[in-house]
Structures are given as C-alpha cells and as structure tokens.
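Coordinate analysis (summary)
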Amino acid sequence: MLTFQQLATKTNGKVLQFAAPLPVNQLLTDSRKLSQPAGTVFFAINGKFNDGHKYLAGLYQQGVRQFIVEHEQDAKGFNYSRLFPEANIIVVANSLQALQQLAAWHRAQFTIPIVGITGSNGKTIVKEWLAQLLAPDELVVKSPRSYNSQLGVPLSVWQLNSNHTIGIFEAGISMPGEMEKLQSIIRPTIGIFTNIGTAHDEGFTSRQQKVQEKLKLFTGVDVLIYCTDYELLHQEIQKQTIKTFTWSRQHPSDITINATTAAGHKTIVVYTYQGEKQRLAIPFTDEASVENALHCLAVLLYRNVPLAEIQDRLDRLHPVAMRLEMKEAINGCYLIDDTYNNDLAGLAIALQFLANQPQRGKRTIILSDLLESGLSEAALYSQVALLVQNHHVDKVIGIGPTISHHGLKFAGEAVFYSSTAEFLGQFKAEDFRNELILVKGARVFEFERIVHAFQQKVHGTVLEVNLDALVHNLNYYRSKLAPETKLMVMVKAFAYGSGSFEVANLLQFHRVDYLAVAYADEGVLLRENGITLPIMVMNPSPDSFAKLRQYNLEPEIYSLELLQLYLNDLPAEGPRHRIHLKLDTGMHRLGFTPEDFDALFPVLQQHPQVQVVSTFTHLAGADEALHNDFSQLQISNFRKMAAEVEARLGYPVIKHVLNSAGIVRFPEHQLDMVRLGIGLYGVEATGSEQEALKSVSTLKTTVSQVKSIVAGETVGYSRKGIADKDKTIATIAIGYADGYDRRFGNGAGQVIINGKRCPIIGNVCMDMCMVDVTGLPVKAGDEAIIFGPQLTLTDIADRIGTIPYELLTNVSSRVKRIFYSE
Ligand SMILES: *Cc1c(COP(=O)(O)O)cnc(C)c1O
C-alpha cells in the first residue's frame, strides 16, 4: 500500500506538513462524495467554475487528514498547516495533473489486458456490455458510469487491484491535447474505436483532426478493433502502423457482416469469420444497439470466447440506464431505480445520489448480492456495510444468499431475503411510507420486478428535472460573482415549477447563502424537509407572522403598515427577529420610498429586538438593453437610499439589487449579494449568454391514439381544427389543466415527436390536445416533447406572446416530477 511519503514522490509534490503515517485508499476530488474519511486523500482541484480549496475546512471537520493542494495558504492568507494541524499536506503545482500522475503510476503496476474505448457514441454501453459479456471468465474492473474525462479516468484506473484479470476503461475528450494524457493513464492493450460523429466538433478544426486526436489513445496497443465502414476513421487508421481487428458490412474484413434482419425484438446477424458463416441473434433492433453489440462480438471473437458461449451471453444483455433517476412511487415514497448492475463503485455513486436527496423521512436501500468484486466475500460485505452506514441509510433490505449470509455486518434496521421472489411474496405496500428507496441489484436478480411493485400509476405527463444542469447553471452564475458576493436563490413558486425542496436541498448542498420564497407556507415546507439555510419570505401576510417565528423565516417588510402589524404581533421576550427592507426605486410594486424614511426609522429604533439584515430593490427592466438607462438610475438611487438606511440604523446591512439578468448585465453592481432566479432554471433572460446555460426541465407526454381523417373533417372542440387535406392526427395526453396553455391551439404550438416538430391542430382541451402528424411514422405510446433542450422555453413562449417564467410555473402539480443526474 502507498504511504503518504510516496504520494509526494509520485505527484512531484512538496510535503508541506506531515502529521501522522496514514494509509492511502480513496482518492477524492468532489467533497460531496466523501464516504470514508480515514484513508481518503482529497485533491483540491481548481476547476473552471469551482475551486476545491473552498472545501478543505469542511472536509477537515469531517475527518479527512490528507490533502493535495496548490498553495500553502488559503485565500485570506492563513497557512493550511496552521488551519489543519493534524493533516498531512502536499503542495503541487497542479492538483489535477498530480492526480493523473498518480493514476498513471498505479496503472503501471499491472500487466493484465486493458481495453480502452473511445469514439463519439456508445462508449459507456460498449463498456458495460463488455463487462457483462466477459464476466463469466474474468474479474473485470471498469470505469463507473461514464467516468471518461480528465478527472474521471484517473479515478477509474485507481480502482485496479491485484485480483482483477481485465480492465475496461472509456476515454472522452472535447479538445486537442487531452487524449495523450488519458492514454498515459489507461495505457490500453486492446483498443475499441466505436465510431465518429459530430459530438464535440466545435473543439476541433476538422473532423479529421478529431479522429487523429482520438487515435492517440491507441498508441502502443496490441490491437485496435473498429468498423471499417466509417470511412474517415478507416483512412486515418490505415495511415498508421497499428495492428487491427475489424468488422464491416461493406467489404471483406476480419468479421464480414453478410446480412442483418430484424425479427421481432431481435436482429439476426449473418457474418463470416475465419472463412465460416455464422449466425447470431442480438436482443435489440435499433441501429445503435446493433452496432454496439457488433463491437462486443469483435472483442469476444478476438479473445477466443467459444462461439456457442457468445450467443448464450448476448441473450442476457439489457439496455443500460445512463442516468440515475428519482421517481415518485407509492405512499409518498420516491424510488431511485438503479437495477442495471451492482458493483462497489456503482454502489458508491448510487448511495451518494441517495445521500444528496432531501431529507424525505427514511432512507432505504434494497440491495442484491454483489457480483465480481475481486475481494473476499467477508471483506466485500464489510465494505458494503460501511458504505451504507456512511451514507446515512436507515433501513437495509438485502436480497440474495450471500448478502443474507453476511447480514450481521449491517448495523441498524436490516432484513434479508434469499431471493427476489421471496421478497415479492411477502411485499406489502403499507410497509413503505414517505421513504426514499434506492433499488440496486445485479442483473440476475431482476430487480425491475421490485421497481414495478413500487411504481405508482399516474398519467403519462412528466416534468424531468436535470439536477446536473441545475448545478452547472448555479456554477455559471457563481463564476461571475466576486469572491465576497453572497448568493440568494429564488425558489418561489415551487422553485419556478421545478420542485421546491429538491431544488432547495441541492442549493443547500452547494452552500448558497440565502433562499427566498413568496409565501410563508413555501418556507414552512422547506423547513419541514430539512432546509436550514436562511429563508426570506417576500409576501408575509399578517396571519402568517407566528409561523414565520416558529420556523425561523425572515419577512420582507415593504411598508410602514406591515411593519406595525409585525411589531404588534411580536412577543415581549425572545431572540432578535431578522427582517429585510424592500425599497422601491422605480418598479412601483412593493417597497419604501425616501419619503417614508422619517416615519420608518424612529419606529425601528424603538424596537431593538428587530434587526434589519438586508435591504434591497428590484430592477424593472434588467432583461432588456432598451431599459439600461432606467436600470442604472434605479441602481444609483438604490445605492443612495441603502447608504441612508445604514446611516440611520447605525449598523451595516446586506445590500442587493441584481436578479439573473442583472448579474449578466451589470456585474459592477453586485454589491453584497445577488438574487438568482430564472437563470438557475436554464433561461438566460437577457438572451446574450443562453449558450452558457444548460436546459434543466423537459416536459413530455405520450401519444394516446393515432387516427386518419379525410379532407373537410374537423378536430376538437368548436370544430376549430379543419383538415384542408387528408391528415393523420395524434392525440397527446396533455391539456391546459396540466399547464399547456390554450393559446398553443390551432397551430400556434408545436411539440416534438420522434425528432420532428408537429403543430397542434384545433383547440387545446383540458387534459389532452391533438397534433398533426401527417406523413410521419407516429404510433400510440410514442413520446411527445412539449419543451426541453430541443424545443426551448424561450422559443415556445415567444410563439404565444408570453415569457418562459409563466410556462415553467404553470406546469400543474398533477404532473409527475422526475429528478435525475447524468
Ligand atoms: C423573482 C425575483 C427575483 C429573481 O428574478 P429572475 O428574473 O428570475 O432572476 C429577484 N428578486 C425579486 C424581488 C424577485 O421577486
């Protein structure tokens, strides 16, 4: 095992402080993923949007004692050795490079075959399938999920241990120069180049350059496996002296595909290998899956897996879930469905996702036996039990003979079943209530049957919320703020329709400074779900004052009348009460004007039990350049008024003015805090930096029925949809009661079905509407996208003369929300 001293040599670092000899087990780069502080080394990486050095103190508090840092001091000039007296600390020039060097060194300790996969599409699926296909004869180590970046690859390779017999790692790049680094870490002996497409074209001067760059992964491989039908790929590879093993549908190759035909849910492939015709059934029909399976076939043939075995193993392949999702389930439960595989790295990621979700009562995990770990059973289940405990799981349901055998290792509430059938035989829905349940099982356990038992039947319209995109947007706005500027995030109106406590919880996790809601009840809901951040309430009604105090919510006070009512209601004794003063500088909605000051301040002075924590104003036209002069005037008036507020109070308060558009347009006026709203949810209100944000919400539904009508017939209420020719019509399961605005009717709105935009025909009904799909292959059950990355909120809002804010917040509460992470 590596010692801390050796760590310094391997990373070319300088030991800043050596406190105690400690083992080096886990490498950590994301403070949220801490699971076992003892043995963890944290690499403080200074990324584009976030700086790992900010999390050192928190991690130290949680027990981490080994750090790789880039400076000897923190931003305020305090020495890390003084701040963290019990820590081992190494200073390096670049923490990411240090991590990569360490991983490259670790890789060099092993001589087993290593498969390296790159290409535009299919990397993760080919990797997952190969792992499954090779598992009967090998102990496989592989990248978790799609850990294929400059950061993900070193973490993946670090998992290698002496029991593994083969490694499978994927490599993804977006710019020239990146692949050489990944090659030095993975050093594959078997290469797979899946295909070449448009992904990340923008980072390269030409497609050819991109291919050449990706090929660098295969420097020194024993063999490169690819499909010669990708012409550019083929040309570039032939220029090199790499030994290849190829397949093709077009010309003779090592594996020549003679025919592929769909047969029900399968594709029958006839191919020629070593002069003999063979036949193979692939359990998929879509082109991408067939291609991925053929890459896998090539690897199996190259590794001399017997032909008879190959069919048997392929039969058991399943689609790979590319992301973790949280779905609403029975009795107020939420389910995280991760039933595809079950290994230690995957379990750690899923537990992390579980731990990051809002406090929703109990956390439960349903876990099968783990297969293929390379550890002894006893060591494996001790690790599993520790992982489970460290992620605050309340209840463990173990399924399978091995996990049951090691049941005593699990502390706390734990029950065990020998098989999935036994669990389902005893399953009672009423035993589960308000729980967040992670379902994680190896394929053979068929946990999809368990997921099915928990799933709630709801109508087919869902709003999918991409939590990674939300964090991306948060970090984007953060990158614009001065280091000392605080961040308040607006989670009013159910977090702009996206789910208030899920979003608030993520924000709490990412340490924003303040939240704001419109009404007291919204704040109470957050508190009841474990949100402890300070919360400002913008419309506190007098009947909610007691609640505000009970739940530690801070009212916005905007008039003298409101202040008086608030003061009258205050108990004589108790702690200081925090309030926020709203100033009106031109919006003319709520707020004090300078004329109110003479009456306001004497009242505040007479009530020292009330503390003004902040004062703020709201810009009326920050989103439009047309109003720049007016915004500037509002800001300068606010600066003057806020200075007077502070002078009259005799103490400093937090001053804030900018909303999302303001942050983009007036960076010089961040003052002490900004208030982020719509931007977090993926809409850049000024329009000038939209590309920097990621789309957060996708509203989708399904096609209920498809029918043909002839010219002259009409569609829907009031016979408004008139067929000018013969048409095909699809009815989709969304209407104005779901928040799909009636103004989208009669061609104003469009939805995307199977990648094509289709116009709404006729009026929008309460629960459904009709779409013109003439000439398109649409069938009942197909997905219809109302808005999402492909059809932006701004785009559809413009079509009916409204704004994204209205569309987002109108999505009805009966629409099921699904939260996911890539
Ligand atoms: C809603 C709101 C914001 C956020 O506005 P966005 O345009 O969504 O960024 C900021 N301040 C106040 C007072 C608000 O009501």
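Residues numbered from 1 in each chain as written. Predicted model: local features only at pLDDT ≥ 70, side-chain atom pairs only at ≥ 80, totals over all residues. Heavy atoms only, no water.

1. A word on the pattern of salt bridges
For the structure shown, the criterion picks out 38 salt bridges. A salt bridge links E783 to K700, with the shortest nitrogen-to-oxygen separation between them at 3.3 Å. Of this pair, E783 sits in strand β37 (residues 783-787) while K700 is found in strand β30 (residues 697-709), placing the two residues 83 residues apart along the sequence. A relative accessible area of 38% places E783 in the partly exposed class. A single salt-bridge network, built from bridges that share partners, covers K127, E128, K142 and E170. (Salt bridge = Lys/Arg side-chain N within 4 Å of Asp/Glu carboxyl O. Helix = DSSP H or I, 4+ residues; strand = E, 2+ residues; numbered from the N terminus. Buried < 20%, exposed > 50% of the residue type's maximum accessible area, 1.4 Å probe, protein only.)

2. Quick look at the site of the ligand
Surrounding the ligand, one finds M490, K492, Y496, M538, R589, H618, N659, S660, R675, G677, I678 and Y805. Within the contact set of the ligand, an oxygen atom lies 2.6 Å away from a side-chain nitrogen or oxygen of K492. For the ligand, an oxygen atom lies 2.5 Å from a polar atom in the side chain of S660. When the ligand is considered free in solution it has 390 Å² of accessible area, and contact with the protein chains removes 94% of it. A class-by-class count of the residues in the shell around the ligand yields 5 nonpolar, 4 polar and 3 charged. (Near = heavy atom within 4 Å. Polar contact = N/O pair within 3.5 Å; in protein donor to acceptor, adjacent residues only side chain to side chain. Areas by Shrake-Rupley, 256 points an atom, 1.4 Å probe, with all protein chains shown as cover. Nonpolar A, V, L, I, M, F, W, Y, C, P; charged D, E, K, R; others polar.)

3. A look at the sheet that holds strand β14 (residues 276-282)
Read across the sheet, 9 strands follow the order β7-β8-β6-β9-β10-β11-β12-β13-β14 without closing on themselves; strand pairing throughout is mixed. Edge positions in the sheet fall to β7 (140-142) and β14, since each of these pairs with one other strand and no more. Strand-to-strand twist of the sheet, defined as the mean angle between neighbouring strand axes without regard to direction, takes the value 20 degrees. Sitting on the sheet, helix α11 (residues 307-314) is in contact with β13 (266-273) and β14, with an inclination near 15 degrees to β14. (Pairing = 2+ DSSP bridges. Axes fitted to C-alpha atoms, helices over the stretch in contact; angles between N-to-C directions. Contact = heavy atoms within 4.5 Å.)

4. Section: the layout of surface pockets
Considered as a void within the structure, the second largest pocket measures approximately 1,100 Å³ in volume. Lining the second largest pocket are 30 residues, and of these D51, H53, K54, A75 and P483 lie nearest its centre. Mapped by element, the contributors of at least two residues to the lining of the second largest pocket are α2 (56-61), α3 (80-83), α17 (467-479) and β22 (486-490). For the lining of the second largest pocket, the leading source of residues is α2, giving 3 residues. When the residues that make up the lining of the second largest pocket are grouped by side-chain class, the tally is 12 nonpolar, 8 polar and 10 charged. Lining the lining of the second largest pocket are residues from two domains, each supplying at least three of them: domain 1 (4-95) and domain 4 (464-691). (1 Å grid on protein atoms, 1.4 Å probe; cavity = no way out; pocket = protein on both sides within 12 Å on 5 of 7 lines; lining within 4 Å. Points joined across faces, edges and corners; volume = space filled by probe spheres on them. Domains from an automatic or database assignment.)

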